[in-house]
Amino acid sequence: MKKYLDKLPLQLKRIIRQAQAASVSLGMPAYLVGGSVRDLILGVKHFDLDMTVEGDGLFFARQMAKRLSAGLVIHERFKTATLMLPGDLKLDIATTRRESYPQPAALPQVSPGGLPDDLARRDFTINTLAVNINPGQDHQIIDLFGGQKDLAAGRIRILHALSFQDDPTRILRALRFSCRFGFRIETATLGLLKKAVKQGCLACVNPHRLRDELILLLKENEPFKPLRELSRLGALSCLHPKLKVSRGTQTLFRLAKQQLDWFAKNFPRRRALDRWLVYFALLLAPLSRAQIKRVIDRLSLRKGEVKRLLGYYRQRSKIIYVLSRKEVTADKIFSLVEPLSYEAVILLKTTVKNKYLQKHLLEFFAVYNGMRLCVGGHDLGCLGVLPGPRYQKILAKVLKAKLNGQVNGRRAELVLIKKLAAEK
Ligand code: ATP
């Protein structure tokens, strides 16, 4: 393993050195584990670090946060912690534990356990590898389930026959990893996966866990592939019985990726988009509004996400109707599009070909969005107009004039507010 660790960027090496020091001073053996060992061996460029500690992972995490001057988020319920490090890097630290499932698809019961228990609770052999990072351990890979062989062969394999029943979210995970790495799902594992889908295991999963796993899948670089596999297996029916993906969905995903990349490249200072939300809306596109609402409720998406999605579905027809015309005033474009989320605007750009609508939406992003007045409350105050409905009305009128190119610059805006303030 040393050859892989030696190739790590300096920042990761420093983290591992600090973990070694903390492990020695606290007398708690610490291991690099799971996806980070897998990614190290595969030569993945950017990945987060996962560590597990025999002892008290939370105490270890606090010490590490001090040593690295890192932000710390403690997940008390799961007894895990995340350290937030510069460069968007995350370090997850947990205590080694044993997990058992009181009934299929239930949340696991957690009890203390050593490293072998912790590795045995994992999803696939390729995610069971660990490296003892303590000094004197020579960074040997601990491989209790043949993970290295499966990694070399490009194979996704579960650890025991009831794995998908215990935790059906592993169905999504298997397809996600298989598509991400181009790995094959081993024959017996695939048979058990199909059986679990047929038994309707996914319908029993806690909605939050299903939502989180679906979001992870939609965040993949190419989310269409695992979705197509899920659809072929009939597994998307856990969201809605009528949900399927088609060639049309594939085309929309491709177009959405182009639009999302275009936005990221051309507007790097604007809020980063939730790309997964755009793909999610496209996935649900074949359903009716009522059916979509049912899926959204079932997954209990967060408030902000629901607002962005429903805003899009609600306004879509009206916006298409108005913006598909050649002549639309700038203030009309602004008043229709500004209340939408960026994700909704990207969805419109992805799904509607009309050249006028495309032009108006481009103008929105490039010019109108975020347009600010040069005059403000202070100027109105000097004219004796106090905050209230009239004050708002005047500013809205000035903005409208500015959007339509009727005023340009602070002096012209001042002239206009003086005129408007003087009106009864
Ligand atoms: P990614 O690169 O997508 O983050 P990862 O393997 O690091 O992949 P995480 O979801 O961060 O995935 O989980 C970290 C580790 O925890 C996994 O490698 C796996 O060993 C274990 N794990 C996560 N989810 C499950 C699950 N549902 N069942 C069993 N083990 C799991």
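So, here's what we can say about the structure. Please read all numbers here as calculations on a predicted model, not as lab measurements.

Here we take up the overall build of the chain. Scanning the chain for helices and strands turns up 21 helices and 11 strands. In terms of principal-axis extent, the alpha carbons of the chain reach across some 80 × 50 × 35 Å. For the chain, the share of sequence-separated contacts (at least 6 apart) that also reach a separation of at least 24 residues comes to 64%. Carbon and sulfur atoms form 53% of the exposed surface of the chain, whose accessible area is close to 21,600 Å².

The next subject is empty space enclosed by the protein. By the definition in use, this model includes two cavities of 30 Å³ or more. As for the largest cavity, its lining consists of Leu 172, Leu 210, Leu 214, Leu 230, Ala 235, Leu 236, Cys 238 and Leu 239. The residue makeup of the lining of the largest cavity, split by class, is eight nonpolar, no polar and no charged. In terms of lining residues, the second largest cavity is bounded by Leu 277, Val 278, Ala 281, Arg 308, Leu 309, Tyr 312, Ser 341, Glu 343, Ala 344 and Leu 347. Among the residues forming the lining of the second largest cavity, the class breakdown is seven nonpolar, one polar and two charged.

Our next topic: the site of the ligand. Lining the immediate environment of the ligand, one finds 15 residues, of which Arg 38, Asp 167, Arg 170, Arg 176 and Arg 180 sit closest. Within the contact set of the ligand, an oxygen atom lies 3.1 Å away from a backbone nitrogen or oxygen of Gly 35. Within the contact set of the ligand, an oxygen atom lies 3.1 Å away from a backbone nitrogen or oxygen of Asn 127. Burial of the ligand by the protein amounts to 75% of the accessible area it has alone, namely 590 Å². Every element with two or more residues in the shell around the ligand is listed here: helix H3 (35–42) and helix H8 (169–181). In terms of residue count, H8 provides more of the shell around the ligand than any other element does, six residues in total. For the shell around the ligand, a count of residues per class yields one nonpolar, four polar and 10 charged.

Turning next to the packing of aromatic side chains. Applying the stated criterion to the full structure yields 15 aromatic pairs. On the basis of an interplanar angle of 80 degrees and a centroid distance of 5.5 Å, the ring pair of Trp 262 and Phe 267 is categorised as edge-to-face. By relative accessible area, Trp 262 is classed as partly exposed at 23%. Consider the rings of Tyr 342 and Phe 365, whose centres lie 5.8 Å apart with planes at 70 degrees: the pair is edge-to-face. Here the residue Tyr 342 occupies a position in helix H17 (residues 342–351), and Phe 365 occupies one in helix H18 (residues 355–368), the gap between them amounting to 23 residues. A single burial state applies to Tyr 342 and to Phe 365, both of which are buried. Taken together, the aromatic side chains of Trp 262, Phe 263, Phe 267, Tyr 342, Phe 364 and Phe 365 make up a single cluster linked through ring pairs.

Reading the values: the criteria
Residues numbered from 1 in each chain as written. Predicted model: local features only at pLDDT ≥ 70, side-chain atom pairs only at ≥ 80, totals over all residues. Heavy atoms only, no water. Helix = DSSP H or I, 4+ residues; strand = E, 2+ residues; numbered from the N terminus. Contact = heavy atoms within 4.5 Å. Areas by Shrake-Rupley, 256 points an atom, 1.4 Å probe, with all protein chains shown as cover. 1 Å grid on protein atoms, 1.4 Å probe; cavity = no way out; pocket = protein on both sides within 12 Å on 5 of 7 lines; lining within 4 Å. Points joined across faces, edges and corners; volume = space filled by probe spheres on them. Nonpolar A, V, L, I, M, F, W, Y, C, P; charged D, E, K, R; others polar. Near = heavy atom within 4 Å. Polar contact = N/O pair within 3.5 Å; in protein donor to acceptor, adjacent residues only side chain to side chain. Phe/Tyr/Trp six-rings, centres within 6.5 Å; stacked < 30°, edge-to-face > 60°. Buried < 20%, exposed > 50% of the residue type's maximum accessible area, 1.4 Å probe, protein only.

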